[in-house]
Structures are given as structure tokens and as C-alpha cells.
2 protein chains.
Amino acid sequence: MRTRPLKVALLGCGVVGSEVTRIMTTHADDLAQRIGAPVELAGVAVRRPSKVREGIDPSLVTTDATALVKRGDIDVVVEVIGGIEPARSLITTAFEHGASVVSANKALLAQDGAALHAAAEEHGRDLYYEAAVAGAIPLIRPLRESLAGDKVNRVLGIVNGTTNFILDKMDSTGAGYQEALDEATALGYAEADPTADVEGFDAAAKAAILAGIAFHTRVRLDDVYREGMAEVTAADFRSAKEMGCTIKLLAICERAADGESVTARVHPAMIPLTHPLASVRGAYNAVFVESDAAGQLMFYGPGAGGAPTASAVLGDLVAVCRNRLNGATGPGESSYAALPVSPMGEVVTRYHISLDVADKPGVLAQVATVFAEHGVSIDTVRQQGKDGEASLVVVTHRASDASLTGTVEALRKLDTVRGVASIMRVEGE
Amino acid sequence: MRTRPLKVALLGCGVVGSEVTRIMTTHADDLAQRIGAPVELAGVAVRRPSKVREGIDPSLVTTDATALVKRGDIDVVVEVIGGIEPARSLITTAFEHGASVVSANKALLAQDGAALHAAAEEHGRDLYYEAAVAGAIPLIRPLRESLAGDKVNRVLGIVNGTTNFILDKMDSTGAGYQEALDEATALGYAEADPTADVEGFDAAAKAAILAGIAFHTRVRLDDVYREGMAEVTAADFRSAKEMGCTIKLLAICERAADGESVTARVHPAMIPLTHPLASVRGAYNAVFVESDAAGQLMFYGPGAGGAPTASAVLGDLVAVCRNRLNGATGPGESSYAALPVSPMGEVVTRYHISLDVADKPGVLAQVATVFAEHGVSIDTVRQQGKDGEASLVVVTHRASDASLTGTVEALRKLDTVRGVASIMRVEGE
Ligand SMILES: NC(=O)c1ccc[n+]([C@@H]2O[C@H](COP(=O)([O-])OP(=O)(O)OC[C@H]3O[C@@H](n4cnc5c(N)ncnc54)[C@H](OP(=O)(O)O)[C@@H]3O)[C@@H](O)[C@H]2O)c1
Ligand SMILES: NC(=O)c1ccc[n+]([C@@H]2O[C@H](COP(=O)([O-])OP(=O)(O)OC[C@H]3O[C@@H](n4cnc5c(N)ncnc54)[C@H](OP(=O)(O)O)[C@@H]3O)[C@@H](O)[C@H]2O)c1
């Protein structure tokens, strides 16, 4: 074993960073054995230098992150600040000064992954980010390495713990969205400003990263269709139950049937209770991967939290350090397939539509005609009426999102349709 | 991209090997892109050279596997023959002649993993074997790489599809063991000689491999306690149901509470229906991994079959080829922790024991005294009697296997105990 230590600079020492330093200290001997050389914490960049940080030598703490990554003797920079800037500039500077980088920053990777990978490659360094998607769950490495000899057709998963906690609450207690969100906030599962989670921005960033790796194609955050979960109601859950389903916020990355294009999207969807994702409770994450040869694989575990995320960061740190000692780099960006990313209109799936209609004869016939005219074939219809008001619940066969949108527009124009109470996609069948 | 191809020698072209060649052919362009150089099938060693093998150039086929691995121009040898010899000698010879090796051979790795790893290291080559455990499910790589910065405490899994199929049948239909086995054989899930599966040898080999990697400790096949599933009865399933449990054949690798020793075992066990492993159906495999920082992770998928296993082989092939182009090797054996492997007697778990007893007053007191004398604390007792015969069902708190064995020996000596109908461990709580 080499005795000269590898030097690690930590950028950020919050929820994740503090756990990274804790494990680096308590597991120092194991890390050294697994890497083949000791690792030394060479500096810790933070915003508030005077904050007491347990177990960290105060002389290592600095507010000058740029100077730290420019030192030139740093082997690996661990970026756990989050956000776009200064994280992006710091990572680029780190590569320029000879360091490899481990990051947990999904927002940055989803937005600027291609440029960062290019910088890493230009300088012959590694960029690893297992922790950016689904916390502790090994997902990037299995997709990038274990399935490197296979053809992935679909990635379908629950990749945001906050929204899963909220939906699980609504499902199990019958609570409405706001009530469940308040509970999630009180218990620390949701942040004070929950926008990134509930509006699906966080999941969309992860979908972009997963789709890029799964399909060997650059998928930018803007390519991901995104619908949040704030519109999901207790009534939707009752409809889902009647169909033997529950509702989850899913990230779905798919290769088109002809294999020539891909799509990536995040939205709430009904899935059958028999689907393994249906039983993913609380803040847990789980991701289904379907490939030609391997078939269906599922990966399940804690999608966030300081220690689980640090576990993923440290796995990457060990790999990057080993590569460094080997004078090699791990697999970089793989975007050779360069498949077009199709817009949401081309996504094909099933739909559950609730309509408020006039309770008089001929309404069903009118509605059915609209569906038929738009090429959307109906699987089941359920009609419920009372006091001149009625509701129609239509579940379709597979149809394109564009056809469904056309159908709904036409339905809204019918005199007999008072309103479209809800539209929800049905997945996982 | 390098244009000169990497040369691959395939040893064995049966269920797995034929799928490896099929994917190598159909995905040749993708593999070249992902590796950075084309891969060429340089030779295929089989037993029966005259057998027609679809898609394989007959001029590549040979019965002289030794000559093939000695050619000197082979970059990677893929061993999918199975069994100990000639596979072991061929792998060693391959290293001696400069090739890296990908294998799916759990029996060989469990028995001689240490020697094979040493040979790989001596010659600066890779030995990869993701396919040896749980087919397509990425498990070796996540344990060895993703969790390299974490401390694994427990691996608990269903790693044999044949036995899971049989137990699932017994559970869902109430069938006896023989009836379920016959169905598994008729459907091709069990081999003509099912010994390796039903007696737990296959699962024990996988447990040895998993424990070795998880605990950075050499665990030999002989270190694994093994109990088959042929004794599991329909009555056991009824008892399990009464407890809200089902029965699975589990491979369990554990670090002792003090962290200073490990155990590895394979046996049928009751697990609560609420445990995610309880809902693993048919021939699927699933493995739970518990670690300090990551918490509980689960990996699920097809544990066998030609295409899924080939997917894992090809993932390794890509990794080994990349290493080769980098002039590097991946992580080798990690056995630095060298923890002692404790015997079964030191395993601590819970037990479900059914006793046939005389239906007279005082029996329960006698039985309870025996448990107490051996330090095994009782959680629940259920007593059922009719016509002078009675049964006692005891579920214990956690106790060592040695204490339980002592308890059962003493119980057998009681006049009032007519027989011990069944003893089953209770896991996953
Ligand atoms: N938390 C999770 O469960 C989780 C899960 C997966 C991925 N991630 C990702 O991990 C990253 C970090 O998340 P976190 O939860 O640990 O965040 P956090 O608790 O807010 O910590 C951020 C850290 O960065 C420091 N910092 C902020 N701006 C800085 C600047 N300009 N220069 C230097 N340091 C600066 C902060 O310093 P002070 O300590 O002085 O404020 C703090 O130590 C994010 O990319 C996040 O998306 C987090
Ligand atoms: N099948 C699965 O689902 C699965 C799953 C995981 C792991 N594995 C592992 O994968 C390996 C292969 O399994 P398999 O199911 O593919 O076995 P298989 O169908 O029996 O194929 C064995 C192959 O090896 C060839 N062979 C046998 N003895 C040989 C010798 N002395 N020299 C050269 N070739 C020889 C056979 O040649 P002929 O074709 O001429 O008979 C055949 O092509 C085993 O280690 C197994 O444990 C299998």
C-alpha cells in the first residue's frame, strides 16, 4: 500500500458533507485498504467559517473554495454545495488544476453535464456522481457499467422521497394534498420551500441524468416533460383505488418502439397495486430498469438523507482514488447514440379521464365519438349519475399524448361536458 | 476509437454462452462504442464440435479449449463451461497467457476464488464474475464498488430461482414439496437432478461469494452453513401463515453485533409477509443489503436464464476490455479484514418450533422450563389439543443456534414430548 495520502478537498459541509467527513474519519483504515492508499482531508470550503463543525480541524476550514481547488496538490474534489454557481466554476477549475471530481449535484449535472464531462475528459480526470440520483441506491454505476453490454429500453422510478412521502400519506389516510404536505414539512421530509420537489424539478433533473446514461444520448433538463403533483386530489386516489391502482410521481425514460428516439418525463401516474413500485412507502426511492437481455431489474433504498447520500459519495471517492492510483480514468460520458429526444406529444401510454357531464341520454355516445375521431380507443367506461349531474370515467387503451390532448380539447367543447375533472396517465402495466 | 479489435475466447457455448455470442453479434457496434474498440470472437471451445450453433462461424469452434486460451493473442477469456475442472485450469492458463477472465461460475469461485484472484493479480489481469451471483442483478459491482466507502453489516437474499419457484408454488397452492418440485421440473425451472438447488449448494456458493465481498474477508464454501428445503412441508406453510409469514430459502451473511466476526448460512426461514422479500415470486431473485450509512438497499431481478446471465457477462466484458485499453485493472480480491467466520452455533436469530406433546396438565410448564434452562426466551406459545394428543407451537426471542439446539435435545428427552414436528428460523424482522 502506498503511504503518501491522496488529498481530498471538500466543497460544502452541510447535510451531506458533514456525513462525508464523519465517515472519512471513522472508516479511515478501511478506506485506505480499499483504495490502496490513505486519504487525507486537505480542506473544507463553507459559507460560514465560524460555525462549529464536529470532528473537523478548524484549520482546514476556508471560505475561499476557489483557492482550495486551485492549490494544485488536490487529488479529488468532492462537491456537495449544490446549485449551479459557484459549484460549476469550482468543478471546472478543479479539473484545470488536475483534480478528479465527485459530486452529488443533480441540478448542475442535469443542466451542464455535457460541458462538465467534456472538461473532465479534456484534462484526463474523472467526474462521478452516483449520489446525484436516488441517494444511496446504486443506479448510475449499474446503468453505466453492469448494463454496458445490454440495451436499456425503459427506466421507470420513484426518485423523489418528499413527494413519495406525501402521496403515500394521501393514499393511506385519505388526506388531501395540503394536509399531507404540511405533515411532510413538520416531519422534515419537505423543505420550507417545497417547489423543487412537488413541482417535479428535482425528479426531472434525475430523469435527464438517467435517460442520458441509459440511452447513451444527451438529454437536457429542458428535454424532460414535467408535471408536478400539487393537482393530485383525494378524489384521484379514490378513482385509483377503484381501478386497483395507487398514484406515484414517476420519472419515466423510454426508448420508442422503433428504437430510434427516446422520451423523458415526470408526472403523477396511476400504477397497479401489484406493481412493485406501488409498495414503495414513505420517503424511499425505487427504480425499475427494463433491458433487452436482463429483463426487469429493480433497485430500492433510501433516496436521500445525509448518511445514505454520503455512502454513495464515498463509493465514488474510492473508485476515483483507485483510478488515480492506476493512472487511469473510469467510463466518461457516453453519448454516441445521439438519439433524438421526442416531445411529450409522441409519448404513448394509457389515460384515466374523469368528466362531469349532463345526465341525459346520448352523452356517452357523443363522448365515445370524440375519442374515436381522435384515434383514442376506449378500454372501459363507468357512468355515475344523480340529480341531473353525472360523471363519466373513461380508461383508454394506449394512445399518443397528442391524440389524448386533442381528444380532451374536443370534449371541452361539447355542450354536454360540464368539465374535465381529472386526467391521469396509467403506467406500469 | 481504436480500430484493432480486442479478441475474446469463449469457453462453453450452452445456455449462457450462446446468448453471449448472440448479443456480441447483434450489439457489436454498441459494444465497440462503449469499450472504445471493437471486440472480435476469436474462438469458441465446446465439447461437441459437430453441434449446429446458430450465428457462429464453424471455423471458430474447437474442442481444444486449452490451446485456445494458450494462443497468446486473446485479450479476454469468457468462461461459461461451469463446474470445477477443466474450468479452473483453463482460467489459470488464461492468466498465464496474458488474458483477463470473465466467468459465471459460482461453484468454482466459491471453492477457489482466493487462488484464482491470486493468479489474476500475479499476472496483472482482471477476474470478473457478476453473473455468478443472481444472474442479471447487479450485485457484485454494487457491493464491491458502490458500497466501497460504507460498512456492510448484512446481506439477506433469495439467490436461487428454482427453490423460490417451488416455495412460491407451495405457498400459493398449498401443494406439498414433491408436487411443487414436479411442476418446476415439468416447466423447466428445475433440472433433472435438482440436488444442487434444493439442497442449497447453489445458494451456499453464492453466499460464500457475497460474504467474501461484503466483509472483505475470505469465506470458503465450507464456512457456509447449509440446510436444504426438502423438509419444508405444507404444514410449515400453514404455520407460517398463522404468524403472518411465508417461507423462503434464504442466503444470509451477517457481521456479528461486535463487528469482530461474520457468519454465512443458507436455510429455509419464515419471513413476515410485510418484508419486501416475501413478495418475490416465481423464479425471481432479490437481495437485501444493510449497511451503516446507506441503510437498507434491495436489488431485484431475474436470477438466471441465458439472456439475463449473458447481460451480466457482457457488462463485465465491457469493463474488462476498458481496463485493458486503459492498461489498468479493476478492483481485485479484497480480504484485508480477514474476520473469523463463526460456526452456525453462534448465529443469533428467532425460532418457530412445533412440538407434539401429551395432552395433560403441566406439559407447558415442563417445556417452558427447558427453554428457560437453556437461556432461550419464549415470545409466544400456542397450544392445541384433541384426543389426548396436543401440539405446542413456540416462537422464541433471539437466541443463539447453539442454545436452541441444546433446548431441542433436552425437549426430545422429555416423556411428555412425543416428537419435534418442525423447527424453523424466523428472519427479516
Ligand atoms: N441532503 C440530501 O439528502 C441530498 C441527497 C442527494 C443529493 N444531495 C445533493 O447534495 C448537495 C448538498 O446537499 P446538502 O443537503 O448537504 O446541502 P446543505 O446542507 O445546504 O449544505 C450545503 C453546504 O455548502 C456550503 N456552501 C454553500 N454555498 C457555498 C459557497 N458559495 N462556497 C462554499 N461553500 C458553500 C454550506 O456552507 P455552510 O455550512 O457554511 O452553510 C454548506 O456547508 C446538493 O447538490 C444536493 O442536491 C443532497
Ligand atoms: N444457465 C443459467 O441460467 C446460469 C445462470 C447463472 C450462472 N450460470 C453459470 O454459467 C455457466 C454455464 O452454464 P450453462 O447453463 O450455460 O451451461 P450449459 O448449457 O450446460 O453449457 C455448458 C457449455 O460448456 C461446454 N463444455 C462442457 N464441458 C466442456 C469442456 N470440457 N471443454 C469445452 N467446453 C465444454 C458445453 O459444450 P457442448 O455445447 O458441446 O455441450 C456447453 O457449450 C455455469 O457456471 C453456470 O453455473 C448459468
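Quick caveat, the model's predicted, so the values are computed rather than measured. (Residues numbered from 1 in each chain as written. Chains lettered and ligands numbered in written order. Predicted model: local features only at pLDDT ≥ 70, side-chain atom pairs only at ≥ 80, totals over all residues. Heavy atoms only, no water.)

1. Let's talk about the UniProt feature "active site" (unreviewed entry) in chain A
Residues and elements named next belong to chain A. Put simply, the rule reads: UniProt positions are given in the numbering used here, feature names are shortened, and annotations may be inferred rather than shown by experiment. In DSSP terms, a helix is any run of H or I states spanning at least four residues, a strand is any run of E spanning at least two, and both are numbered starting from the N terminus. Each residue gets one of three labels from its accessible area relative to the maximum for its type: buried under 20%, exposed over 50%, partly exposed in between, using a 1.4 Å probe on protein chains only. We call two residues contacting when some pair of their heavy atoms lies within 4.5 Å.
Feature annotation in UniProt places "active site" (unreviewed entry) on K206, given in this structure's numbering. Mapping K206 onto the fold places it in helix α10 (residues 201–215). K206 gets classed as buried once you look at its relative accessible area, which sits at 4%. Excluding residues within four positions of it along the chain, K206 makes contact with K106, A132, V133, A134, V159 and N160.

2. Digging into the UniProt feature "binding site: NADPH" (unreviewed entry) in chain A
Residue and element names in this part refer to chain A. Mapped onto this structure's residue numbering, the UniProt feature "binding site: NADPH" (unreviewed entry) falls at K106. With respect to the helices and strands, K106 occurs in helix α5 (residues 106–122). Not counting chain neighbours up to four residues away, the residues in contact with K106 comprise A132, D202, A205, K206 and I209.

3. Remarks on the packing of helix α7 (residues 161–173) of chain A against helix α11 (residues 234–242) of chain A
Residues and elements named next belong to chain A. Selection criterion: Each axis is a line fitted through C-alpha atoms, and for a helix only the stretch in contact is used; angles between axes span 0 to 180 degrees, taken between their N-to-C directions. Working rule for angles: under 35 degrees goes down as roughly parallel, over 145 as roughly antiparallel, 65 to 115 as roughly perpendicular, anything else as oblique. Throughout, a crossing is termed right-handed when the near helix is turned clockwise from the far one, and left-handed when it is turned anticlockwise from it by less than a right angle. In this classification, the charged set is Asp, Glu, Lys and Arg, the nonpolar set is Ala, Val, Leu, Ile, Met, Phe, Trp, Tyr, Cys and Pro, and all remaining amino acids, among them Gly, are polar.
Where α7 contacts α11, the two axes come as close as 10 Å, and the packing angle between them is 70°. When the axis of α7 is compared with that of α11, the two are roughly perpendicular. The handedness of the crossing between α7 and α11 is right-handed. Contact residues: α7 offers L167, M170 and D171, while α11 offers A234, F237 and K241. Its residues assigned to classes, the contact of α7 with α11 comprises four nonpolar, no polar and two charged.

4. Points about the packing of aromatic side chains
Basically, it comes down to this: Classification of ring pairs uses Phe, Tyr and Trp, with its six-membered ring standing for Trp, and accepts pairs whose centres are within 6.5 Å; under 30 degrees between planes counts as stacked, over 60 as edge-to-face, and the remaining range as tilted. As a reminder, the over-ring test applies to NZ of lysine and CZ of arginine, requiring each to be within 6 Å of the ring centre and within 35 degrees of the ring normal.
For the coordinates displayed, the defined rule picks out five aromatic pairs over all chains. An angle of 25° between the planes, with centres 4.3 Å apart, marks the rings of F165 of chain A and Y189 of chain A as stacked. Of this pair, F165 of chain A sits in helix α7 while Y189 of chain A sits in the loop between α8 (177–186) and α9 (195–198); the two residues are 24 residues apart in sequence, bridging distant segments of the chain. The buried category is assigned to F165 of chain A, whose relative accessible area is 9%. In this structure Y189 of chain A comes out as partly exposed when scored by relative accessible area, which is 39%. Between Y284 of chain B and Y300 of chain B, the aromatic rings sit 5.1 Å apart at their centres with planes inclined by 10°, giving stacked as the arrangement. Placement of the pair is Y284 of chain B in strand β11 (residues 284–291) and Y300 of chain B in strand β12 (residues 295–302), with a sequence separation of 16 residues. Positioned above the aromatic ring of F201 of chain A is the side chain of R226 of chain A, whose terminal nitrogen or guanidinium carbon lies 3.8 Å from the ring centre.

5. Focus: the site of ligand 1
Residue and element names in this part refer to chain A. Here is the rule: We call a residue near a molecule or strand whenever a single non-hydrogen atom of that residue lies within 4 Å of it. We call two N or O atoms a polar contact when they sit within 3.5 Å, provided that within protein one can donate a hydrogen and the other can accept it, with sequence-adjacent residues counted only if both atoms are side-chain atoms. Accessible areas in this description were obtained via Shrake-Rupley with a 1.4 Å probe; residue shielding takes into account the shown protein chains only.
Close to ligand 1 lie 21 residues, the nearest being C13, V15, V16, R48 and G305. The separation between an oxygen atom of ligand 1 and a polar main-chain atom of R48 is 2.6 Å. Between ligand 1 and G305 there is a distance of 2.7 Å, counted from an oxygen atom to a backbone nitrogen or oxygen. When the free accessible area of ligand 1 is taken as 900 Å², the share hidden by the protein chains comes to 79%. Split by residue class, the shell around ligand 1 holds 11 nonpolar, six polar and four charged.

6. Some thoughts on the site of ligand 2
Residue and element names in this part refer to chain B. Surrounding ligand 2, one finds 21 residues, the nearest of these being C13, V15, V16, R48 and G305. Interatomic distance of 2.7 Å between a backbone N/O atom of R48 and an oxygen atom of ligand 2. In isolation ligand 2 exposes 890 Å². Once the protein is present, 79% of that is buried. Split into classes, the residues belonging to the shell around ligand 2 amount to 11 nonpolar, six polar and four charged.

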